[in-house]
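Coordinates in review
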Amino acid sequence: MFGAPSYGSYGICIEPSFSTARLCFLDRGMVYAIAHIRGGGEMGRSWYEDHGKFLNKMNTFTDFVDCAQHLVDSGITAPDRMSTEGRSAGGLLMGAVLNMAPQLFKAAVAGVPFVDVMNTMCDPTLPLTVTEWLEWGNPNVKKWYDYMIQYSPYDNVEAKVGVLCSV
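Below is a summary of the structure that appears in this document. Keep in mind it's a predicted model, so treat the numbers as computed, not measured.

1. A closer look at the packing of aromatic side chains
Throughout the structure, instances matching the rule amount to seven aromatic pairs. For the ring pair phenylalanine 61 and tyrosine 151, a centre distance of 5.0 Å and an interplane angle of 45° mean the geometry is tilted. Residue phenylalanine 61 is located in helix H3 (residues 58–73), and its partner tyrosine 151 is located in the loop between helix H7 (142–148) and strand S5 (165–166); the two are separated by 90 residues in the primary sequence. A ring pair is formed by phenylalanine 114 and tryptophan 136, whose centres lie 5.6 Å apart and whose planes are at 55°; its orientation type is tilted.

Dropping the structure here:
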């Protein structure tokens, strides 16, 4: 089994750290990895600002798919044993990735997922929407709409192999 958490937004880093909660999984042979993808800040501010937001947001999702595929290609895991997890903007990541490459994952946990991107971001009366335009762009402007609709999880749902659990 393989587990990969990730986030990939707002320049936030997921630092490697020790967790006693993971020990029971590691004792059972699970591999635990953190995907440092564009949109996060692990590789510096440009990794986020210039390569992981606005009209480069798709890099976040393709980076994660590429990380997962690399782990399969390297023999570290297989799609029938790979799981993944993300919360909030990481839940958006889970939704987008499962739409893009469901064949790579046995299971995914999307905690408090931001998956209704277009309806949320098009409504400036919602409390956080206008400030979120600084991360995602304003889909009330055509160029942003055309880009964001490509990865908005709800807008790209199709019948596919895979599991998505929202908690």
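The rest of the description comes next.
2. A short note on unusual backbone geometry
With a phi angle near 60°, serine 88 is a residue other than glycine that sits in the positive phi range. Summarising the element assignment, serine 88 is placed in the loop between strand S3 (82–87) and helix H4 (89–100). Backbone geometry places valine 112, a non-glycine residue, at a positive phi of 35°. By the element assignment, valine 112 lies in the loop between strand S4 (107–111) and helix H5 (117–121).

Scoring rules and cut-offs
- Residues numbered from 1 in each chain as written.
- Predicted model: local features only at pLDDT ≥ 70, side-chain atom pairs only at ≥ 80, totals over all residues.
- Heavy atoms only, no water.
- Phe/Tyr/Trp six-rings, centres within 6.5 Å; stacked < 30°, edge-to-face > 60°.
- Helix = DSSP H or I, 4+ residues; strand = E, 2+ residues; numbered from the N terminus.

Function cannot be inferred from these measures alone, as they are strictly geometric.
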